[in-house]
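Residue strings, one per chain:
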Amino acid sequence: MVTCLIGLGSNQGDRVGNLLAAIAALGEDPAISLQAVSSFVESAPVGGPAGQPNFFNGAAILATSLPAEALLTRLLDIELQLGRVRGERFGPRTIDLDLLLYGEQVIESPTLQVPHPRLRVRRFVLAPAAEIAGEMLVPALTDAEQRVSIETLCARLPDPAPSELGLRVIMSAAAMQRHVREIQLSGRRVGVVPTMGALHSGHLSLVQEARRRSDYVVATIFVNPTQFAPHEDFTKYPRTLDADLSALSAAGCQAAFVPSAEEMYPRGATTTVDPPEVALPLEGVCRPGHFRGVATIVLKLFHLIPAEVACFGQKDFQQALVIRRMVADLNVPIEVVVCPTVREADGLALSSRNRYLSAAERERALALSRALRQAEQSIQAGETESNRIVSAMRETLAAAGITSIDYVALADPETLAECSRVEGKTVALIACRVGSTRLIDNCLLDPTIDAGSAKRGAVRA
Ligand code: AMP
């Protein structure tokens, strides 16, 4: 068996998906034993036509019984299988697989040059390779050269310009933990933004807040199966990874943690977090087990990414309370920041699930923010009876044709205990179905603040 280093790149289609598909294809080959896969780093294209998307590049170490030429043929087969069309040099490509090292052999044939001729100078090749193959030795190509490790070659590159450092996409839990440790050892504060992907400006506002509060932002994208009940929308939850990564990169996020379900829940994992009491009402009643799944995954993410600060959205009001309480109860050394809900101009709270709504349903969904605004206005007009406020909110929903209502509640914003009178700070919360799409929204109310200054927590339309 010969130990080889492979370089992978993609800048067309679902870029990270293409890299993962190529790795899966390598893993399925009986003559190949996959040993390690790096994170993927984003880089601007070198040469080729203007306006190409950025690349994601990675590296893999494999052991193989195949001779070098046969391995190269296998790599070309996988490229074709994944839809690579060979065209212009440096043109866009769905997948590019390069044989960088074949043991310590030097091969100079018309079809194959190993070590890869540009291996020594390219950060987008060396940086991911160094992560998994630091010790591997690169044989000298000329008498003047020396045999050096990948790590040494990488360290020899000049310091990268900030524009050269694109998003880093990390799939492995161990690599994620290692990476955060390195960032923190270099004196930087880390911020984390947990998400389930299908990102919108609400998520990106959390990235912005995390940027303000830290030096290095890691967003996580993981559709967590354990927080969905069997009849819920786990399998059809929107997954838009390539667009998400572009958006995170443009928002100045430095790393995305995108683990598989197997990575987060290895076989036999049965330990869970018993969520705090604040998880019991409202969503806790409608979605039994949901907050156990949320608390468990968020605590796991906090262990893998022991950031200084974590940003969550007020949009998921009860979730934010559950996490704040869990962090306090379990002494997790992380500051939890809750950021305001981002809304469309007409008041609809942004949600990944909004894309399920038809045009007519979207129009009906405006009743949620309208009902919250009405509650706010009636409180400002002096109404204090929760029953009357809740009835009016229900009527607003019903008038829009929303009849499947899980709850409309006025509650204490710390404990979520329902209140019969609105006398101090209160949260109004709604969960209902518009068509088959379940939507939630909420608004903080404070009868002690006059109408003019009450706008801070308000629903605007
Ligand atoms: P999700 O991907 O739905 O799990 O949401 C990830 C994070 O984004 C959670 O902390 C949410 O509360 C937050 N979030 C979702 N929608 C919004 C929004 N419209 N405005 C602000 N934050 C949001």
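These remarks concern the structure in this document. (Residues numbered from 1 in each chain as written. Predicted model: local features only at pLDDT ≥ 70, side-chain atom pairs only at ≥ 80, totals over all residues. Heavy atoms only, no water.)

1. Quick word on the site of the ligand
Then comes step 1: In the vicinity of the ligand, 17 residues are found, and the nearest of them are Met 196, Gly 313, Asp 316, Val 342 and Leu 350.
Then comes step 2: His 203 is positioned such that a nitrogen or oxygen atom in its side chain is 2.9 Å from an oxygen atom of the ligand.
Then comes step 3: Between the ligand and the protein, one listed contact pairs a nitrogen atom with a backbone N or O atom of Val 342 at 2.8 Å.
Then comes step 4: Here the ligand loses 93% of its free accessible area of 480 Å² to cover by the protein chains.
Then comes step 5: Among the secondary structure elements, those contributing two or more residues to the shell around the ligand are strand S11 (190-195), helix H6 (201-213) and strand S14 (309-313).
Then comes step 6: No other element matches H6, which puts 3 residues into the shell around the ligand.
Then comes step 7: Per-class residue counts for the shell around the ligand are 8 nonpolar, 7 polar and 2 charged. (Near = heavy atom within 4 Å. Polar contact = N/O pair within 3.5 Å; in protein donor to acceptor, adjacent residues only side chain to side chain. Areas by Shrake-Rupley, 256 points an atom, 1.4 Å probe, with all protein chains shown as cover. Helix = DSSP H or I, 4+ residues; strand = E, 2+ residues; numbered from the N terminus. Nonpolar A, V, L, I, M, F, W, Y, C, P; charged D, E, K, R; others polar.)

2. Notes on the sheet that holds strand S16 (residues 404-411)
Then comes step 1: One open sheet holds the 3 strands; their spatial order is S16-S17-S18, and the pairing between them is antiparallel. Looking along the sheet, the strands with just one partner apiece sit at the ends: S16 and strand S18 (437-445). The average undirected angle you get between the axes of adjacent strands in this sheet is 10°.
Then comes step 2: Of the strand pairs in this sheet, S16 and strand S17 (residues 426-434) are connected by 7 bridges, and their pairing is antiparallel. Directly across from Ala 409, in S17, lies its bridge partner Leu 429.
Then comes step 3: Those strands touched by helix H12 (residues 359-380) are S17 and S18, and its axis lies near 20° from that of S18. (Pairing = 2+ DSSP bridges. Axes fitted to C-alpha atoms, helices over the stretch in contact; angles between N-to-C directions. Contact = heavy atoms within 4.5 Å.)

3. Some thoughts on the nonpolar core
Then comes step 1: Leu 71, Leu 99, Val 169 and Leu 248 are the most contacted members of the largest nonpolar core, which totals 50 residues.
Then comes step 2: At 6 residues, the largest contribution of residues to this core is made by helix H1 (residues 15-28).
Then comes step 3: Excluding residues that lie within four positions of it along the chain, Val 169 makes contacts with Val 16, Ser 39, Phe 40, Phe 56, Leu 245, Ala 256 and Val 258.
Then comes step 4: One finds Phe 222, Met 326, Ile 334 and Tyr 407 within the second-largest nonpolar core, a separate group that totals 49 residues. (Core = buried A, V, L, I, M, F, W, Y, C linked by side-chain atoms within 4.5 Å. Buried < 20%, exposed > 50% of the residue type's maximum accessible area, 1.4 Å probe, protein only.)

4. Side note on the packing of aromatic side chains
Then comes step 1: One pass over the full model with this rule turns up 4 aromatic pairs.
Then comes step 2: Measuring from ring centre to ring centre gives 6.3 Å for Phe 302 and Phe 312, while their planes differ by 75°; the resulting arrangement is edge-to-face. Remark: Phe 312 occurs in strand S14 and Phe 302 occurs in helix H10 (residues 290-304); sequence separation between them is 10 residues. Both residues of the pair, Phe 302 and Phe 312, count as buried.
Then comes step 3: Put simply, the rings of Phe 228, Phe 234 and Tyr 237 touch in pairs and so form one group of aromatic residues.
Then comes step 4: Across from the ring centre of Tyr 356, 4.2 Å away, lies the NZ or CZ of Lys 236, which sits over that ring.
Then comes step 5: Here Arg 239 stacks its cationic end above the ring of Phe 234, 5.0 Å away from the centre of that ring. (Phe/Tyr/Trp six-rings, centres within 6.5 Å; stacked < 30°, edge-to-face > 60°. Lys NZ or Arg CZ within 6 Å of the ring centre and 35° of its normal.)

5. Examining helix H13 (residues 386-399)
Then comes step 1: Between its first and last C-alpha, H13 extends 20 Å over 14 residues, near the 20 Å set by a 1.5 Å rise per residue.
Then comes step 2: By the burial criterion, the buried members of H13 are Ser 386, Ile 389, Val 390, Met 393, Thr 396 and Leu 397. Around the axis of H13, the buried residues are gathered within 115° of arc, so they sit on the same side. For H13, the exposed residues lying more than 90 degrees away from the buried face are Asn 387, Arg 388, Glu 395 and Ala 399.
Then comes step 3: Each element contacted by the buried residues of H13 is listed here: H12, S16 and S17.
Then comes step 4: Directly after H13, the chain includes Gly 401, whose backbone phi takes a positive value near 85°. (Expected span 1.5 Å × (residues − 1). Arc of directions from axis to C-beta.)

6. Describing the side chain of Thr 64
Then comes step 1: Within the secondary structure layout, Thr 64 lies in strand S4 (residues 55-64).
Then comes step 2: Residue Thr 64 is classed as buried on the basis of its relative accessible area of 0%.
Then comes step 3: Within the structure, Thr 64 has its side chain in polar contact with the backbone nitrogen of Leu 66 (distance 3.0 Å).
Then comes step 4: Discounting chain neighbours no more than four positions away, the residues touching Thr 64 are Met 1, Val 2, Cys 4, Ala 31, Ile 32, Leu 71 and Tyr 102.

Nothing here speaks to function; it is all geometry.
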